[in-house]
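Residue strings, one per chain:
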Amino acid sequence: KQEVTQIPAALSVPEGENLVLNCSFTDSAIYNLQWFRQDPGKGLTSLLLIQSSQREQTSGRLNASLDKSSGRSTLYIAASQPGDSATYLCAVRSGTGGFKTIFGAGTRLFVKA
Amino acid sequence: GAVVSQHPSWVICKSGTSVKIECRSLDFQATTMFWYRQFPKQSLMLMATSNEGSKATYEQGVEKDKFLINHASLTLSTLTVTSAHPEDSSFYICSAREDDSYEQYFGPGTRLTVT
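Heads up: these notes are all about the structure in this document. (Residues numbered from 1 in each chain as written. Chains lettered and ligands numbered in written order. Predicted model: local features only at pLDDT ≥ 70, side-chain atom pairs only at ≥ 80, totals over all residues. Heavy atoms only, no water.)

Sheet strands associate in pairs through backbone hydrogen bonding, adopting either a parallel or an antiparallel arrangement. Residues and elements named next belong to chain A. On the basis of which strands lie adjacent, the open sheet formed by 5 strands has the order β1-β3-β8-β7-β6 and antiparallel pairing. The sheet terminates laterally at β1 (4-7) and β6 (56-59), the two strands that pair on one side only. When the angles between neighbouring strand axes are averaged without regard to direction, this sheet yields 15 degrees. Note: strand β7 (residues 62-67) against strand β8 (residues 72-77), 6 bridges, orientation antiparallel. Bridge pairing in β8 links Leu62 to Ile77. (Pairing = 2+ DSSP bridges. Helix = DSSP H or I, 4+ residues; strand = E, 2+ residues; numbered from the N terminus. Axes fitted to C-alpha atoms, helices over the stretch in contact; angles between N-to-C directions.)

Now the structure itself:
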């Protein structure tokens, strides 16, 4: 059974700092992994999707990496800004004979101005 | 930007009744729509993926006869919770994708309370 863990649960950093959010999963036989952000009152936004065959994806100041063998993905945020404050979720899609997408509990990020 | 709406934003119904939730893409054609649910203080759970004009694909463990999904047009998908029970009370969120890219545009969600 796939389990997805995100560490840390919460993170507070000063503006401008580079930071890394972690996502780990127990079953390395994944189909893809996706990162989302959730803003209170604004809903969800999809950020990056990494297919099983890929090692990383980049979008602007965001870079997501995937290491299936170690069951880990990291989301790197460069030069953080107060607008980056949100809860970041990773979701792992896996399964045989039927897919299931498992979300982590999220990392709540606060970027101080 | 792409906008997805949901209706209603909240609904209260009695146990045993059915409730329909609509998800619309307002300014783009959604070839694929997704339905999620989120329990209080818990993370998201993907329920099903629907493609316009075809049957929805349900995630493992989701009862397809309980949660009926219809994606009749490129701008509308509906989720019907049949014979609702209090344990179905949750926050239901839809998202829509325009093409084969990864990007999903999320609706604001519908809070369902079954009494």
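Okay, the packing of aromatic side chains next. Residue and element names in this part refer to chain B. Scanning the entire structure with this criterion turns up 6 aromatic pairs over all chains. Residues Phe67 and Tyr92 carry aromatic rings whose centres are separated by 6.4 Å and whose planes lie at 45 degrees to one another, so their mutual orientation is tilted. A residue pair is termed long-range when its members are at least 10 positions apart, and Phe67 in strand β7 (residues 67-73) and Tyr92 in strand β9 (residues 90-97) qualify at 25 residues. (Phe/Tyr/Trp six-rings, centres within 6.5 Å; stacked < 30°, edge-to-face > 60°.)

Residue and element names in this part refer to chain B. A sheet is described by the order of its strands in space; here 4 strands give the open sequence β1-β3-β8-β7, paired in antiparallel fashion. Both outer strands of the open sheet, β1 (4-7) and β7, are each paired with one neighbouring strand and no more. The mean inter-strand angle of the sheet, taken between neighbouring strand axes irrespective of direction, is 15 degrees. Strand direction decides the pairing type here: β7 and strand β8 (residues 76-81), joined by 5 bridges, are antiparallel. Note that in β8 the partner of Phe67 across the bridge is Val81.

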